[in-house]
Amino acid sequence: MQRHSALIPLSHEHKRLLFVCRYLKKDAAPYEGFPLETQARFEYMVKVFQELMVPHIQKEEYLFEKCAGRNTAVDALIAELQQEHRAISSMYSAITESTNLEDDMDKIATSLETHIRKEERVFFELLQKELPDMLENIQLEK
């Protein structure tokens, strides 16, 4: 199904975040201009979380708020996704205490990737099917 125009800004951010996930994993492939040293990858993760992830989650929470209470399947999925937001945020907050930064970045990357794929493949598809009128009234900034 083609992505609804209201969801496209989130999908574009997801694409950027999926790159970050690949880069943070233990088996990251070299990318030109992106050093593979653990500390450099950690610093990049902090920058991306502050500049992209926090505003991204705020946009999604706004979307959840606007869509909640209209469909039981959507509501159940929103609850799952909000729990995943909290879990990923907790992992990120705890990483400053990490004794194994490489493993912990890999866990965050894996969890975030799974979460994004669920939003794209399940949640957005469900919204477009069950709440198309609601999407017409939602404006997310790019």
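So, a few notes on the structure that sits alongside this text.

### A closer look at the packing of aromatic side chains
Here's step 1: With the rule as written, the count across this model stands at 9 aromatic pairs.
Here's step 2: Between Phe-19 and Tyr-23, the aromatic rings sit 6.1 Å apart at their centres with planes inclined by 5 degrees, giving stacked as the arrangement. In this pair, Phe-19 and Tyr-23 both sit in helix H1 (residues 8–24), 4 residues apart, roughly one turn of the helix. Grouping residues by exposure puts Phe-19 and Tyr-23 together as buried.
Here's step 3: Their ring planes at 85 degrees and their centres at 5.3 Å tell us that Tyr-23 and Tyr-44 sit as a pair that is edge-to-face. One end of the pair, Tyr-23, is in helix H1; the other, Tyr-44, is in helix H2 (residues 38–67), with 21 residues separating them in the sequence.
Here's step 4: Since its relative accessible area comes to 1%, Tyr-23 is described here as buried.
Here's step 5: Among the residues examined, Tyr-44 registers a relative accessible area of 22% and is labelled partly exposed.
Here's step 6: Aromatic rings pair up to connect Phe-19, Tyr-23, Tyr-31, Phe-34 and Tyr-44 into one cluster.

### Quick notes on H2
Here's step 1: Its maximal kink placed at Phe-49, H2 deviates by approximately 45 degrees.
Here's step 2: Gly-69, located one to two residues past H2, shows a positive phi value of around 80 degrees.

### Some words on the pattern of salt bridges
Here's step 1: Applying the stated criterion across every chain, the model contains 11 salt bridges.
Here's step 2: One salt bridge connects Lys-59 with Glu-13, and the closest N-O pair in it is separated by 2.5 Å. Linking Lys-59 in helix H2 with Glu-13 in helix H1, this pair joins segments that are 46 residues apart in sequence. The residues Lys-59 and Glu-13 share a single accessibility class, namely buried.
Here's step 3: A single network of salt bridges, built from pairs that share partners, joins Arg-3, Glu-120 and Glu-125.

### Points about H1
Here's step 1: An ideal rise of 1.5 Å per residue puts 24 Å on 17 residues; H1 measures up with 24 Å between its terminal C-alpha atoms.
Here's step 2: Across the 17 residues that make up H1, a large majority, 12, are buried.
Here's step 3: Along H1, the residues that are buried comprise Pro-9, Leu-10, Ser-11, Glu-13, His-14, Leu-17, Leu-18, Phe-19, Val-20, Cys-21, Tyr-23 and Leu-24.
Here's step 4: Against H2 and helix H4 (101–130) lie the buried residues of H1.

### Quick word on the environment of Thr-99
Here's step 1: Tracing the sequence through the fold places Thr-99 in the loop between helix H3 (72–94) and H4.
Here's step 2: Residue classification places Thr-99 among the exposed residues on the basis of a relative accessible area of 83%.
Here's step 3: Sequence separation of Thr-99 and Glu-60 is 39 residues, and the distance between their C-alpha atoms is 31 Å.

### What to know about the packing of H1 against H4
Any two packed helices are characterised by how steeply their axes cross, that is the angle between the axes, and by the distance between the axes.
Here's step 1: One can describe the packing of H1 onto H4 by two numbers: an axis separation of 9 Å at closest approach and a directional angle of 150 degrees. Classified by the angle their axes make, H1 and H4 are roughly antiparallel. Between H1 and H4 lies a crossing of left-handed hand. Contact residues: H1 offers Leu-10, Ser-11, His-14, Leu-17, Leu-18, Cys-21 and Leu-24, while H4 offers Met-105, Asp-106, Ala-109, Leu-112, Glu-113, Ile-116, Arg-117, Glu-119, Glu-120 and Phe-124.

Parameters at a glance
Residues numbered from 1 in each chain as written. Predicted model: local features only at pLDDT ≥ 70, side-chain atom pairs only at ≥ 80, totals over all residues. Heavy atoms only, no water. Phe/Tyr/Trp six-rings, centres within 6.5 Å; stacked < 30°, edge-to-face > 60°. Helix = DSSP H or I, 4+ residues; strand = E, 2+ residues; numbered from the N terminus. Buried < 20%, exposed > 50% of the residue type's maximum accessible area, 1.4 Å probe, protein only. Bend = angle between axes of the 7 residues up to and from the residue. Salt bridge = Lys/Arg side-chain N within 4 Å of Asp/Glu carboxyl O. Expected span 1.5 Å × (residues − 1). Contact = heavy atoms within 4.5 Å. Axes fitted to C-alpha atoms, helices over the stretch in contact; angles between N-to-C directions. Parallel < 35°, antiparallel > 145°, perpendicular 65-115°, else oblique. Left-handed = near helix turned anticlockwise from the far one by under 90°.

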